[in-house]
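# A closer look at the structure
Now for the letters of each chain:
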Amino acid sequence: MATVELRFSAQPEHVRTARLVAAAVARRAGVDEAVLDEVRLAVGEACSRAVGLHRSNGVTTPIRVALTEEEKTFSIEVGDEVPGAGVAAADAAGVPGARASAPAEDFDDADGEDEMGLAVIRGLVDDVEVSAGEDGGTIRMSWPVSSADVLS
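We now turn to the structure provided with this report. Bear in mind that the values here come from a model prediction, so they are computed numbers and not experimental data.

### Observations concerning the sheet that holds strand E4 (residues 127-133)
Spatially, 5 strands are ordered E1-E2-E3-E5-E4 in an open sheet, and the strand pairing comes out antiparallel. Either end of the sheet is taken by a strand with one partner, and the two such strands are strand E1 (2-8) and E4. Averaged over all neighbouring strand pairs, the angle between strand axes comes to 15°, with direction disregarded. In this structure, E1 lies alongside strand E2 (residues 63-69), joined through 7 bridges in antiparallel fashion. Looking at the pairing, Phe-8 lines up with Ile-63 of E2. Of the strands in this sheet, E1, E2, strand E3 (73-79) and strand E5 (136-144) are in contact with helix H2 (residues 36-56), which crosses E5 at around 180°.

### A closer look at the pattern of salt bridges
Considering all chains together, one arrives at 6 salt bridges under this definition. The salt bridge partner of Arg-40 is Asp-37, with a shortest N-O separation of 2.4 Å. On the criterion of helical spacing, the pair formed by Arg-40 and Asp-37 is a turn pair, its members being 3 residues apart in helix H2. Put simply, Glu-77 and Arg-140 hold a salt bridge, and the shortest N to O gap is 3.5 Å. With Glu-77 in strand E3 and Arg-140 in strand E5, the pair connects residues that are 63 residues apart, well separated along the chain. Classification of Glu-77 as partly exposed rests on a relative accessible area of 33%. Residues joined by salt bridges that share partners form a network here, namely Glu-70, Glu-77 and Arg-140.

Criteria and thresholds
- Residues numbered from 1 in each chain as written.
- Predicted model: local features only at pLDDT ≥ 70, side-chain atom pairs only at ≥ 80, totals over all residues.
- Heavy atoms only, no water.
- Pairing = 2+ DSSP bridges.
- Helix = DSSP H or I, 4+ residues; strand = E, 2+ residues; numbered from the N terminus.
- Axes fitted to C-alpha atoms, helices over the stretch in contact; angles between N-to-C directions.
- Contact = heavy atoms within 4.5 Å.
- Salt bridge = Lys/Arg side-chain N within 4 Å of Asp/Glu carboxyl O.
- Buried < 20%, exposed > 50% of the residue type's maximum accessible area, 1.4 Å probe, protein only.

Printed below as a string of structure tokens:
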């Protein structure tokens, strides 16, 4: 299992770099070429969401992106460090430890964008997990890799 880790400051201009890195690593891992645009878009949405959460809540720690190549899957985890924010009320019920306990008025502006971002990600990726807790939240996405030998 090979993992590439990327950390970047919560600046919108770094999201493009994360998308490019994700597409390159996905291609090398054996993700089908037809799916690479979906990988780029999903990573862009997840990273933009994390950047927005960090900026709107004054969090200065970096956004975390882990790209992992496994035997049959390629997965990407995008993590933020915003406790108590970022999971829309509709999603909170199905997420253990979801950030529903935070006062809603603190995140009213972000809720609409957050719901839209999560909806876009779920539309692009079949296997998505959204989790949140006291240390922040994570969006985990995975795609199958082709069984053919991958070029080194």
